[in-house]
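Spelled out, the chains give:
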Amino acid sequence: MSNIEQTLSIIKPDAVERNLDIEIKEIFKNNGFLILKEKKIQIEKSEAEKFYKVHEIKPFYKDLCAYLSSGPIVVMVLEKANAVIANRELMGSTDPKDAKEGTIRKKYGISIDKNSVHGSDSLDNAIIEIDFFFKD
Ligand code: CMP
């Protein structure tokens, strides 16, 4: 049975600002992900608020939305077997200081906010998040 999945990945403003997007895309490719779609964009704060709506009640919600809309980001659709979990493993823990050696957040993350990448946390959310950025 095929378990090929698609997931949404975002290279966040802190990484794009440091010109790490090409390097991070290479890491995905070297780990067997296909980048099916990608675009570099800057979103409005109102769009970030919609994207992160699941975190609406969290104390960090306002800062999170201000941050994601603060500069260019690269959004991608990644494909691989078990892509959702594989991407979360490759990204590492949300807080870079807890992330394992060899993960993207360990290598590039600055703080829990400036943690360089976002990845969908479930297959259901991957569908919603891909649709959010790539609805034609
Ligand atoms: P991300 O995977 O993009 O999903 C939500 C983001 O909220 C998360 O990465 C972090 O960058 C950010 N965040 C800020 N503070 C916290 C916190 N205390 N717990 C979890 N996520 C946080």
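Note: the structure precedes this text.
Residues numbered from 1 in each chain as written. Predicted model: local features only at pLDDT ≥ 70, side-chain atom pairs only at ≥ 80, totals over all residues. Heavy atoms only, no water.

Remarks on the pattern of salt bridges
Tallied over the full model, the rule gives 9 salt bridges. Across the pair K97 and D95 runs a salt bridge whose closest N-O atoms are separated by 3.1 Å. Residue E101 is joined to K106 by a salt bridge in which the shortest nitrogen-to-oxygen separation is 4.0 Å. (Salt bridge = Lys/Arg side-chain N within 4 Å of Asp/Glu carboxyl O.)

Concerning the sheet that holds strand β2 (residues 34–41)
On the basis of which strands lie adjacent, the open sheet formed by 4 strands has the order β2-β3-β1-β4 and antiparallel pairing. What marks the edges here is a single partner per strand, and that holds for β2 and β4 (117–119). Pairs of neighbouring strands in the sheet enclose a mean axial angle of 20°, with direction left out of account. Here strand β1 (residues 4–11) runs beside β4; their pairing, made up of 3 bridges, is antiparallel. The partner of I10 across the bridge, within β4, is H118. Lying on the sheet, helix α7 (residues 123–134) is in contact with β1, β2, β3 (73–81) and β4; it crosses β1 at an angle near 55°. (Pairing = 2+ DSSP bridges. Helix = DSSP H or I, 4+ residues; strand = E, 2+ residues; numbered from the N terminus. Axes fitted to C-alpha atoms, helices over the stretch in contact; angles between N-to-C directions. Contact = heavy atoms within 4.5 Å.)

Structural notes on the site of the ligand
Around the ligand, a shell composed of K12, Y52, H55, F60, L64, T94, R105, I112, D113, N115 and H118 is seen. Within the contact set of the ligand, an oxygen atom lies 2.7 Å away from a side-chain nitrogen or oxygen of K12. Computed on the free molecule, the ligand has an accessible area of 450 Å², of which 77% lies beneath the protein chains in the complex. Of the residues in the shell around the ligand, the class split is 4 nonpolar, 4 polar and 3 charged. (Near = heavy atom within 4 Å. Polar contact = N/O pair within 3.5 Å; in protein donor to acceptor, adjacent residues only side chain to side chain. Areas by Shrake-Rupley, 256 points an atom, 1.4 Å probe, with all protein chains shown as cover. Nonpolar A, V, L, I, M, F, W, Y, C, P; charged D, E, K, R; others polar.)

So, unusual backbone geometry
Located in the positive-phi region is N82, a residue other than glycine, with phi close to 50°. Structurally, N82 is set in the loop between β3 and α5 (83–91). A positive phi angle, close to 70°, is found at S116, a residue other than glycine. You can see S116 is positioned in the loop between α6 (104–108) and β4.

Quick look at the nonpolar core
Counting residues in each nonpolar core, the largest one holds 18 residues, and the members touching the most others are I11, I24, F28, F33 and I104. At 4 residues, α5 tops the list of elements feeding residues into this core. Setting aside residues up to four positions removed in sequence, I24 forms contacts with I11, A15, I104, Y108 and V117. One finds F51, Y52, Y61 and F133 within the second-largest nonpolar core, a separate group that totals 16 residues. (Core = buried A, V, L, I, M, F, W, Y, C linked by side-chain atoms within 4.5 Å. Buried < 20%, exposed > 50% of the residue type's maximum accessible area, 1.4 Å probe, protein only.)

Points about helix α4 (residues 61–68)
Those residues of α4 that sit buried are Y61, L64, C65, Y67 and L68. The buried residues of α4 occupy an angular sector of 160° when the element is viewed end-on, so they sit on one face. In α4, the exposed residues that point more than 90 degrees away from the buried face are K62 and D63. Tucked into the core, α4 has its buried residues touching β1, α1 (13–17), α3 (45–51) and β3. (Arc of directions from axis to C-beta.)

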